[in-house]
Amino acid sequence: MPYTLTTPLYYVNDRAHLGSTYTTLACDAIARFQRLRGEQVCFITGCDEHGLKIQRTAEAAGLSPQDHCDRISEGYRDLWRRWQISNDRFIRTTHPRHRQVVEAFFARVEASGDVVEGRQQGWYCVACEEFKDHPPGGTAVDCPIHLRPLEWRDELNLFFRLSRYQRQIEQLVAQPGFIAPPSRRREVENFVATGLKDFSISRQNLPWGIPVPGHPGHTFYVWFDALVGYLSALLDPGDPIDLNLLAERGWPARVHVIGKDILRFHAVFWPAMLLSASLPLPRSVFGHGFLTREGQKMGKSLGNVLDPEVLLDRCGRDAVRWYLLRDIPFGDDGDFQQQRFSDLVNNDLANTIGNLLNRTSSMARKWFEGCVPPAAATDSSHPLALAAHQAHATVLEAMESFDFRRAAEAILELATAANGYLNERAPWSLMKREANRAAVGADLYAVLETSRWVAVLLTPLLPDLAERMLAQLGWAPIQSGVAEPGDRQTASLPPEPDWSASLSWGLLISGAALPEPVPVMQRLELATPL
């Protein structure tokens, strides 16, 4: 059964921002880790392209909605290629086959008796594509999220009978592990406890959307349409539109990774829709926090938005991935601080990890004819071997629970231990006496082998840096999967069975040539604000 994980389908009212990049990088680390663990992974991302907000944004730009969607969606695909995101599937909700899947899904829901007509009255936020609670006195106010005026709506819509699933959803959200982290579960439990209300799944007089079969004048509400995208992404181009095939293609999802602002849609509305359609429920929903910058919410009006393309161009993939995954507890809100960003990258990657490999490789080449030194024994009781096995155990446990910070810290601690061992043994002093040559060789071998472990453990978090480190050790890279994003690829990337086999102590071959050492990580020098 494939390990299916998803990002949200990103709304194409605008270009990708740092928040969507953060979510996608986190999912990429999960996908790479699971492939290295031997799982057949199906990593889904894509774009949500319908709704009033898209229509108005396109009109303001003098474009047709389709042209606007084509332009922004291609921008997402290109950015994910540049970040080397290893997604297997990229779904666009304007794809004709997605429309067919939505129609098939709706037919099941309607046949269950869960679609009724009713009048929708209330204040609507176009930016959220969501009705808001009535303000006191019924007067218009701004959306608390987008700070824009709400619009009053009064129209006949089709409603999904969410209220029929009160008990099932209560039981679902109470299950340990379905909603993570625990703070997110409490939020949803409180929401469900107030009583689930039927919600509108159609709009009238909205041309930019999928028409509702059998209901002229109605188009699907953007959230009903978008959530079904996780299913349409799984069907191959040659597959019939048969929802019974989903079990063979990787449904249910092992995890939906989303921002906490859309948790209710994924943890309440979506499961109820799936129950109505007699389809399995996702195993878990992980709602991560928001990113701020220097303690302030990012926004165009403040001029402090961090452009992921600028970050990539000025800092590179490794630096940004390390900061976001190593410094921000996944699930909590995080603050991007430029000085801390530079300090962590320089201290952790350039100094602690990179310099360890560079200086050890240089000494080995100088004193042992450009080769890996002879090892007195590949002793698994060596203190660095014990530290490496402990780091491995910690990384496995941390990555399974999406605790990237703990995994990164465990790897960093292993590199720090190797640096400490090297300083304590001081081979530059011991080598002054020929009688110490064997001891020096054994010490350098142990540190080089530890560097190899550091690189292998880093592979899902920092695949580029890991590959450069292994190349400097003369070791074949551990591939963690890079897919070329497309509208819907016909096969997910195969599992990579090499990772566990590479995590045995003493695999560096004594006498193997060591390449000329070069810095594997350049220091960040950011003279101006990003």
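To be clear, the structure that these remarks concern was listed above.
Since the structure is predicted, the reported quantities are computational estimates derived from the model, not experimental observations.

**Some details on the nonpolar core**
For soluble globular proteins, the rule of thumb is that nonpolar side chains tend to be buried together.
Item 1. In terms of nonpolar packing, the biggest core is built from 170 residues, with Phe105 and Phe341 touching the most fellow members.
Item 2. Top contributing element to this core by residue count: helix H17 (residues 437–458), with 12 residues.
Item 3. Excluding residues that lie within four positions of it along the chain, Phe105 makes contacts with Phe224, Val228, Leu231, Leu243, Trp270, Met273, Leu274, Ala277 and Leu279.

**Thoughts on the packing of helix H14 (residues 383–400) against helix H15 (residues 404–425)**
Item 1. The interhelical angle for the contact between H14 and H15, taken along N-to-C directions, is 170 degrees, at an axis separation of 8 Å. Put simply, H14 runs roughly antiparallel to H15. Across from Pro383, Leu384, Ala387, Ala388, Ala391, Thr394, Val395, Glu397, Ala398 and Met399 in H14, the residues of H15 making contact are Phe404, Arg406, Ala407, Ala410, Ile411, Leu414, Ala417, Ala418 and Tyr421.
Item 2. By residue class, the composition of the contact of H14 with H15 is 16 nonpolar, 1 polar and 2 charged.

**Here we look at the sheet that holds strand E14 (residues 296–297)**
Item 1. Ordered by their spatial adjacency, 3 strands build an open sheet running E14-E13-E15, and the pairing between neighbours is mixed. The open sheet has two edge strands, E14 and strand E15 (334–336), and neither has a second partner.
Item 2. In terms of strand pairing, strand E13 (residues 291–293) meets E15 through 3 bridges, oriented parallel. Bridging from a neighbouring strand, Thr292 pairs with Asp335 of E15.

**Some thoughts on helix H1 (residues 18–36)**
An α-helix turns once per 3.6 residues; consequently, residues spaced three or four apart project the same way.
Item 1. Along its 19 residues, H1 runs 27 Å from first to last C-alpha, staying within 8% of the 27 Å computed at 1.5 Å per residue.
Item 2. Positive backbone phi, approximately 100 degrees, marks Gly38, located one or two places after H1.

**Details of the pattern of salt bridges**
Item 1. Here the structure, examined in full by the defined rule, presents 33 salt bridges.
Item 2. Among the ionic pairs, Asp114 bridges to Arg164, the shortest N-O distance being 2.5 Å. Taken together, the residues Asp114 in the loop between helix H4 (96–111) and strand E4 (115–125) and Arg164 in the loop between strand E6 (151–160) and helix H5 (166–174) connect sequence positions 50 residues apart.
Item 3. The salt bridge partner of Glu516 is Arg365, with a shortest N-O separation of 2.8 Å.

The rules behind the values
Residues numbered from 1 in each chain as written. Predicted model: local features only at pLDDT ≥ 70, side-chain atom pairs only at ≥ 80, totals over all residues. Heavy atoms only, no water. Core = buried A, V, L, I, M, F, W, Y, C linked by side-chain atoms within 4.5 Å. Buried < 20%, exposed > 50% of the residue type's maximum accessible area, 1.4 Å probe, protein only. Helix = DSSP H or I, 4+ residues; strand = E, 2+ residues; numbered from the N terminus. Contact = heavy atoms within 4.5 Å. Axes fitted to C-alpha atoms, helices over the stretch in contact; angles between N-to-C directions. Parallel < 35°, antiparallel > 145°, perpendicular 65-115°, else oblique. Nonpolar A, V, L, I, M, F, W, Y, C, P; charged D, E, K, R; others polar. Pairing = 2+ DSSP bridges. Expected span 1.5 Å × (residues − 1). Salt bridge = Lys/Arg side-chain N within 4 Å of Asp/Glu carboxyl O.

None of the figures reported here should be taken as evidence of function without further support.
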